[in-house]
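# Structural characterization, general
Listed below are the residues making up each chain.
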Amino acid sequence: AQGAFYTPAALCDWMTANIPSSTNSVLDPACGTGAFLVSALRRHAEAPIEIRGMDIDPVAISCARQLLEYELTFHPQAKARTHLHVGNFLDPHAS
């Protein structure tokens, strides 16, 4: 059975607070609705950063995409690029 666990925003914020400012990319291999990715975007909105996420649930990826686009409206100077894909990160044949 497939289950889902959504990381609380406070934990995402704590984790992204420890990402060095020199980081140029962030990957969440099981991003769900993108809480970690949104938090990373908030922390690094003005830096040129690649935000990447993958999940097996297409609805979750759609939500993550919408949340990231919404968050970008608060950061018009953002240099972040987002890349979200439906797939299984652990599958060597996943695109």
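A few points on the structure. Since the model is a prediction, treat every value here as computed from it, not as a measurement.

### A closer look at the nonpolar core
Counting 16 residues, the largest nonpolar core has V26, F36, L37, I51, L68 and L84 as the members making the most contacts within it. For this core, the secondary structure elements donating two or more residues are α2 (35-43) and α3 (58-72). Top contributing element to this core by residue count: α2, with 5 residues. Every residue in contact with F36, bar those within four places of it in the chain, is listed here: C12, M15, T16, I19, V26, L27 and D28.

### Some words on the environment of V38
Looking at the element boundaries, V38 is found in helix α2. Taking the C-alpha atoms as reference points, V38 and A64, separated by 26 residues in sequence, lie 8.2 Å from one another.

Reading guide: rules and limits
In this numbering scheme, every chain counts its residues from 1 along its sequence in written order. Restriction of local features to residues with pLDDT of at least 70 applies here, the model being predicted, together with a cutoff of 80 or more for giving and counting side-chain atom pairs; totals for whole chains, interfaces and linings are based on all residues. Side-chain metrics in this entry use all non-hydrogen atoms of the structure; hydrogen atoms and water are not considered. Only buried Ala, Val, Leu, Ile, Met, Phe, Trp, Tyr and Cys residues count toward a nonpolar core, and they belong to the same one when joined by side-chain atoms within 4.5 Å. Burial classes follow relative accessibility: with a 1.4 Å probe on protein chains only, a residue under 20% of its type's maximum area counts as buried, one over 50% as exposed, and anything between as partly exposed. The way it works is that DSSP assigns letters per residue, a run of H or I at least four long becomes a helix, a run of E at least two long becomes a strand, and they are numbered from the N terminus. In this description, contact between two residues means that some pair of their heavy atoms is separated by no more than 4.5 Å.

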